[in-house]
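Examination of the molecular architecture
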Amino acid sequence: MLSGAALMEASGATELEGARAEFPWASRETYLNTATEHPLGARTTRAMEEYLHALTHGPDSAREKFENGRLMVEVKGMFARLVNAQPSEIGFTPSTQTGENLVLEGLDIQASGGNVVTNDLHYGGSLVNYRNRRKSGMDVRIIKHRDYQMDMRDLERSVDRKTKLIAIALVSNVNGYVHDVKAISDLAHAHGAYLYCDVIQAAGAVPIDVKAMGIDFLACSAYKWLMGGRFGYLYVREDLQGTALKAKLFGGRSTETGASRYEISTVSHVGCVCQHQALRYIHSLGVERIWAHARPLVARLRNELPAAGYPTITPAGTESPIISFDVKDVAATRARLKKANVVTTLGGSPEGGRMRVSVSVFNNQSDVDRLLGALA
Ligand SMILES: Cc1ncc(COP(=O)(O)O)c(C=O)c1O
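Residues numbered from 1 in each chain as written. Predicted model: local features only at pLDDT ≥ 70, side-chain atom pairs only at ≥ 80, totals over all residues. Heavy atoms only, no water.

Here's the deal with helix α6 (residues 96–106)
In an α-helix there are 3.6 residues to a turn, and that puts residues three or four apart on one side. Heads up, the condition is: Per-residue accessibility, obtained with a 1.4 Å probe over protein chains only, is compared with the maximum for each type, and a residue is labelled buried under 20%, exposed over 50%, and partly exposed between these values. Where helices and strands are cited, they refer to DSSP runs of H or I of at least four residues and of E of at least two residues respectively, numbered from the N terminus.
For α6, every residue scored as buried is listed here: T96, G99, E100, L102, V103, L104 and G106. Remark: D108 follows α6 within two positions and exhibits a positive phi of approximately 55 degrees.

Here it is in structure tokens:
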């Protein structure tokens, strides 16, 4: 078997320069858990500390450097560029689920007798939302996955001319499965419906192009591959703003034009300061390179963990930084990972569970070595 370093060389992958040092957490634990939360980078922390210092010690004028419109404009611009949108198509939102709720409310789905189609690879919290909406009378159709991917034929059977919205997680938090977004948006549009994508497990990790993919609405928080800030974004296609998607909640930040019309309150300035640095960093690395960096790490887990008794539930060919495995003995697996100081997402009952492993820019083949060493 090739060692991690030899494998990396063979795959043509290189470490992203300086990324390990940028995230000190990665030297303390083998952190393979970005799908839960990304560690903060040193540069984002420095900026936030400077801002907090100003808020703690003053003078009042020191706030100005961080609480200003220019910073917000730049953050919006950088996020827009990340997903190939116009800045006027981006609004700030506190979180992914807030964004999804704004879309569900703004489309007047129930009042118009329409339905929503989603699937069980969507986030559990979103499914709570949909089940509650169903209880309140909304026609909600939840498609079951087949072998942990969505079968387009199931979607075709569920969508009809009353469908207003298809809602999916572009990259599933369950197993990293990447939906065929273009095929789904084509289907939605052919029925006069719209496509909403939850991109919290995708933004900053895999390329997103709202235009090429035909995405009408998207939302995400920044605490995963956008590298922190407890901050969020909502994209609304320009021609749907205020027409198909009405603003239903208003406040001091609501504007007459642009996607800012869906904003309500003051944004988290700390989050904005963090995102200002994080998005600059992500753009400096390039999402294509971040995506490519994950490939050989995930490939090795796919190749080697099943033989150690951990079959994967992530479909072959999945191009995301997340891979999940069935776990027979959760307690024993947890003990081994703990002993090796390796962090993943591991859950389930004594009868069996699941482990999700996720990688980011700071991970390298030595991290994979340690996980495999603990379990294989
Ligand atoms: C796919 C997905 N959507 C949404 C969320 C939660 O997002 P937020 O806290 O921004 O509402 C998560 C959290 O893990 C997630 O994995």
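Remarks on the nonpolar core
As a reminder, the rule being used: Only buried residues count toward a nonpolar core, which is a set of Ala, Val, Leu, Ile, Met, Phe, Trp, Tyr and Cys residues joined through side-chain atoms within 4.5 Å. Start and end points for every domain follow an automatic or database-based domain assignment. The contact criterion used is simple: two residues touch if any of their non-hydrogen atoms lie within 4.5 Å.
Formed by 77 residues in total, the largest nonpolar core has its most connected members in F79, L170, I208, I215, L218, L226 and Y233. There are two domains that each give this core at least three residues, and those are domain 1 (4–31 + 286–375) and domain 2 (49–283). Residues contacting L218, with those up to four places away along its chain left out, are F79, V83, Y196, C197, V199, I208, V210, Y233, L234 and Y235.

Let's talk about the side chain of T96
One can find T96 in helix α6. The exposure class assigned to T96 is buried, which follows from its relative accessible area of 6%. Look past the residues within four positions of T96 in its chain and what remains in contact with it is Y196, D198, I200, A219, C220 and S221.

Here we look at the pattern of salt bridges
The criterion, for reference: Definition used for salt bridges: Asp or Glu carboxyl oxygen within 4 Å of a side-chain nitrogen of Lys or Arg.
Under the counting rule described, the total for this entry stands at 26 salt bridges. Among the salt bridges present, the one from R153 reaches D151, with a minimum N-O distance of 2.8 Å. Notably, a salt bridge pairs D239 with R237, separated by 2.6 Å at the nearest N-O pair. Here the salt bridges do not stand alone but share partners, grouping R20, D367 and R370 into one network.

Re the side chain of N119
Heads up, the rule is: Whenever a nitrogen or oxygen atom comes within 3.5 Å of another N or O atom, the pair is scored as a polar contact, on the condition that within protein one atom can donate a hydrogen and the other can accept it, and that pairs from neighbouring residues in sequence are kept only if both atoms are in side chains.
Looking at the element boundaries, N119 is found in strand β3 (residues 115–119). The class of N119 is buried, set by a relative accessible area of 1%. Within the local environment of N119, its side chain forms a polar contact with the backbone nitrogen of L121, the two atoms lying 3.1 Å apart. In contact with N119, other than residues within four places in its own chain, are L127, I142, I143, M150, A167, I168 and H179.

Here we look at the pairing of strand β4 (residues 139–143)
Note the threshold: Only when DSSP finds a minimum of two bridges between them are two strands counted as paired. A crossover gets the label right-handed when its path from the first strand over the helix to the second runs clockwise, viewed with the strands pointing away from the viewer.
Of the strand pairs in this sheet, β3 and β4 are connected by five bridges, and their pairing is parallel. When the sheet's bridge partners are listed, V117 is paired in β4 with R141. With helix α7 (residues 124–135) bridging β3 and its parallel neighbour β4, the resulting β-α-β unit is right-handed.

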